[in-house]
Amino acid sequence: MGVALIWSLVVILVRWLVSKRRGAISYESSDQTALYIRMLGACVVFKQLFSRDVRVRSQVGFEPERRASHPYLRIDFRTLHSRAETVGLLSGRRVHRLFSFQRHLHATRLLHGATPRPYSPLHILDEDYLGQAKCMLEKVGSWNFDIFLFDRLTNGNSLVTLTFHLLNQYGLIELFQLDMVKLRRFLVMVQEDYHSQNPYHNAVHAADVTQAMYCYLREPKLAKSLTSCDILLGLLAAATHDLDHPGVNQPFLIKTNHYLAVLYRNTSVLENHHWRSVVGLLRETGLFSHLPAEDGLNMESQLGSLILATDISRQNDYLSKFRTHLDHDDLCLGNAAHRHFILQMALKCADICNPCRPWELSKQWSEKVTQEFFQQGEVEKKHNLEVSPLCDSQANTMGDIQIGFMTYVVEPLFAEWARFSDTRLSQTMLGHLGLNKASWNGLRPVGSLDEPEPDPDPPPPPAPGPGSSRPSATAAEEPTTRTLAQGSQEV
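What counts and what doesn't
- As a convention, each chain's residues are numbered from 1 in the sequence order in which they are written.
- In view of the model being predicted, local features appear only for residues whose pLDDT reaches at least 70, and side-chain atom pairs are presented and counted only at 80 or more, with totals across whole chains, interfaces and linings using the full set of residues.
- No hydrogens and no water enter the side-chain calculation; it runs on all heavy atoms of the structure.
- Salt bridge, as used here, is a side-chain nitrogen of Lys or Arg placed within 4 Å of a carboxyl oxygen of Asp or Glu.
- Only DSSP runs of H or I with at least four residues qualify as helices, and only runs of E with at least two residues qualify as strands; both kinds are numbered from the N terminus onward.
- In this scheme, a residue with accessible area under 20% of its type's maximum is buried, one over 50% is exposed, and one in between is partly exposed, where area comes from a 1.4 Å probe on protein chains only.
- Along the chain, pLDDT gives the predictor's confidence residue by residue, from 0 to 100.
- Contacts are assigned to residue pairs that have any heavy atoms within 4.5 Å of one another.
- Residue types Ala, Val, Leu, Ile, Met, Phe, Trp, Tyr and Cys, when buried and joined through side-chain atoms within 4.5 Å, form a set referred to as a nonpolar core.
- Ring pairs shown here join Phe, Tyr and Trp side chains whose ring centres sit within 6.5 Å, with only the six-membered ring taken for Trp; geometry is labelled stacked below 30 degrees between planes, edge-to-face above 60, and tilted in between.
- Angles run from 0 to 180 degrees between N-to-C directions of axes, and those axes are lines fitted to C-alpha atoms, restricted for helices to the stretch in contact.
- For classification, angles of less than 35 degrees are called roughly parallel, those exceeding 145 degrees roughly antiparallel, those between 65 and 115 degrees roughly perpendicular, and all remaining angles oblique.
- A crossing counts as left-handed when the near helix is turned anticlockwise from the far one by less than a right angle, and as right-handed when that turn is clockwise.
- Residues are grouped as follows: Ala, Val, Leu, Ile, Met, Phe, Trp, Tyr, Cys and Pro are nonpolar; Asp, Glu, Lys and Arg are charged; all remaining types, including Gly, are polar.
- Pairs of cysteine sulfur atoms within 2.5 Å are identified as disulfides in what follows.

Opposite charge on two side chains allows them to pair when their charged atoms are near. Tallied over the full model, the rule gives 12 salt bridges. In this structure, Arg 339 engages Asp 230 in a salt bridge whose closest nitrogen and oxygen atoms are separated by 2.8 Å. In this pair, Arg 339 is assigned in helix 20 (residues 336–351) and Asp 230 in helix 14 (residues 228–240), connecting sequence segments 109 residues apart. For the residue pair Arg 339 and Asp 230, the accessibility class agrees, reading buried in each case. For Asp 327, the salt bridge is made with Arg 419, and the minimal N-O distance between the two is 2.8 Å. Of the two residues, Asp 327 sits in helix 19 (residues 315–328) while Arg 419 sits in helix 22 (residues 398–420), which places them 92 residues apart along the sequence. On the basis of relative accessibility, which here comes to 41%, the residue Arg 419 falls in the partly exposed class. What you see here is one network of salt bridges that share partners, running through Arg 323, Asp 327, Glu 416 and Arg 419.

Attention now moves to the confidence of the model for the protein. Averaged over all residues, the pLDDT of the protein is 77; the fraction at 70 or higher stands at 65%. Note that pLDDT drops below 50 for residues 18–121; the model gives that stretch 193 contacts with residues more than four away or on any other chain. Taken as a whole, residues 456–491 scores under 50 in pLDDT and shows 98 contacts with residues more than four places along the chain or in a different chain.

We now examine the nonpolar core. What tends to happen in soluble globular proteins is that the nonpolar side chains get buried as a cluster. In this structure, Trp 143, Ile 147, Tyr 216, Phe 414 and Trp 417 are the most contacted members of the largest nonpolar core, which totals 97 residues. Top contributing element to this core by residue count: helix 12 (residues 203–217), with 11 residues. What Phe 414 contacts, discounting residues up to four positions off in sequence, is Tyr 216, Cys 349, Ile 352, Cys 353, Cys 356, Met 429 and Leu 430.

Okay, the packing of aromatic side chains next. Under the defined criterion, the tally for this structure stands at 11 aromatic pairs. Relative to Phe 341, the ring of Phe 322 lies with its centre 6.0 Å away and its plane at 65°, an arrangement referred to as edge-to-face. Of the two residues, Phe 322 sits in helix 19 while Phe 341 sits in helix 20, which places them 19 residues apart along the sequence. Centroid distance Trp 359 to Trp 440: 5.1 Å. Interplanar angle 65°. Geometry classified as edge-to-face.

Relative to each other, helix 17 (residues 269–285) and helix 18 (residues 293–308) sit at 150°, their axes nearing to 9 Å. Relative to helix 18, helix 17 is oriented roughly antiparallel. For the crossing formed where helix 17 meets helix 18, the hand is right-handed. Across the interface between the two elements, Glu 271, Asn 272, His 274, Trp 275, Val 278, Val 279, Leu 282 and Arg 283 of helix 17 pack against Leu 297, Glu 300, Ser 301, Leu 303, Gly 304, Ile 307 and Leu 308 of helix 18. Residue classes in the contact of helix 17 with helix 18 are distributed as eight nonpolar, four polar and three charged.

Moving on, we come to the state of the cysteines. Throughout this description, disulfide means a covalent bond between two cysteine sulfur atoms. Using the criterion set out here, one finds zero disulfides in the structure. With no disulfide of its own, Cys 353 has Cys 356 as its nearest cysteine by sulfur position, at a separation of 6.8 Å.

See below:
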């Protein structure tokens with residue numbers, strides 16, 4: 001009895017000492033496919049792997065930034081994977097805490113390697129993580145998918161978890177022989193490069209756009225025509241399309257002589273920055289380093305083409321081209337160039353689809369983008385700059401901003417998308433759009449109800465030819481401004 005007690009105390013002491021080790025690499029014997037790199041405390045391993053002072057960034061023309069310390073560095077991941085008998089030694093209070101982490105911190109296991117298993121999906125989610133988030137992923141193709149709830153369930157790791165899941169679901173990790181460690185590292189760095197202090201342009205917005213993109217990729221016309229490479233590019237472009245967004249729009253960068261505006265000569269400033277930032281991370285992590293050099297460069301170039309298409313100032317150019325193709329019925333998805341153009345249009349739709357979501361979700365996005373708008377306006381007032389349109393909280397209301405955005409930007413784009421893909425999803429989106437617009441109209445102050453709706457007063461759409469967009473020149477500028485509210489890069 002005494003020997004057994006002494007032996008138990010020794011075992012507990014050894015386990016306690018092991019738990020104090022920093023930067024330990026352990027092999028989880030209960031899962032023969034998983035190799036976890038434990039990052040405890042302010043370990044050197046983390047800094048080496050995820051340091052922002054990296055060479056590649058400077059090679060693509062950007063100053064390196066210091067990566068903030070990871071919020072979970074002080075968690076001993078070893079305790080999260082301990083066997084049942086180990087848990088039994090812990091107090092009831094400690095067990096409750098561990099179960100909570102098991103449910104919500106799976107995505108913080110930053111480097112999770114797995115050996116491909118024939119005829120079965122890769123082991124992405126940890127076995128402990130069988131809660132609500134996994135149930136939500138089973139319905140990731142639903143247009144009612146609540147990205148805000150999913151982000152809470154994944155403890156703020158919605159972008160990493162969702163993108164990894166979709167890449168695995170399509171079999172792209174195996175097909176392109178992507179290194180699991182490099183891919184996980186790339187996605188974590190992407191998520192960290194989004195500014196969490198931005199009310200709208202943050203990692204949750206990127207996850208929402210990625211989920212919408214997935215819904216569009218499943219549409220019949222696209223599902224039967226797109227190649228695996230198209231799907232990979234579409235998902236990665238959606239996840240990274242606003243990478244390192246500063247939370248202000250392009251006019252703000254230009255009038256403050258920001259170095260990015262100078263670097264890109266005041267042309268698609270934010271979009272070029274998002275693209276080059278992605279290229280920097282791809283090279284930093286070596287995600288495509290196993291591909292032939294020419295293929296890697298081609299992937300980077302096509303990613304850039306997709307991201308640059310989200311420049312809202314070119315909205316009418318893309319819309320006119322799309323309308324012309326539909327009028328002439330000459331889109332051939334067997335043509336690689338046509339498929340790429342449809343991917344561009346799908347990404348544009350995904351980027352500004354918030355007004356087409358159910359009201360409960362759409363309203364939250366409206367509040368966040370308006371908050372980001374007004375924050376920019378306050379900065380402009382503070383520095384005696386001309387306040388940008390829609391950024392003055394005293395001159396604009398959320399309802400007016402949203403109604404104008406829906407009228408001039410969202411409706412024309414999604415009407416053409418419905419012509420291209422006349423499916424239940426398209427009709428659902430248009431239905432939500434109409435209901436949400438009516439809801440915003442109903443919330444407008446009583447005095448403003450007598451004001452005309454922000455449609456062009458004289459409705460002379462003088463025979464909009466196949467290549468012209470619905471609003472005339474004056475109206476065409478207003479969408480550009482109003483789109484800053486929801487639309488991707490201009491805010």
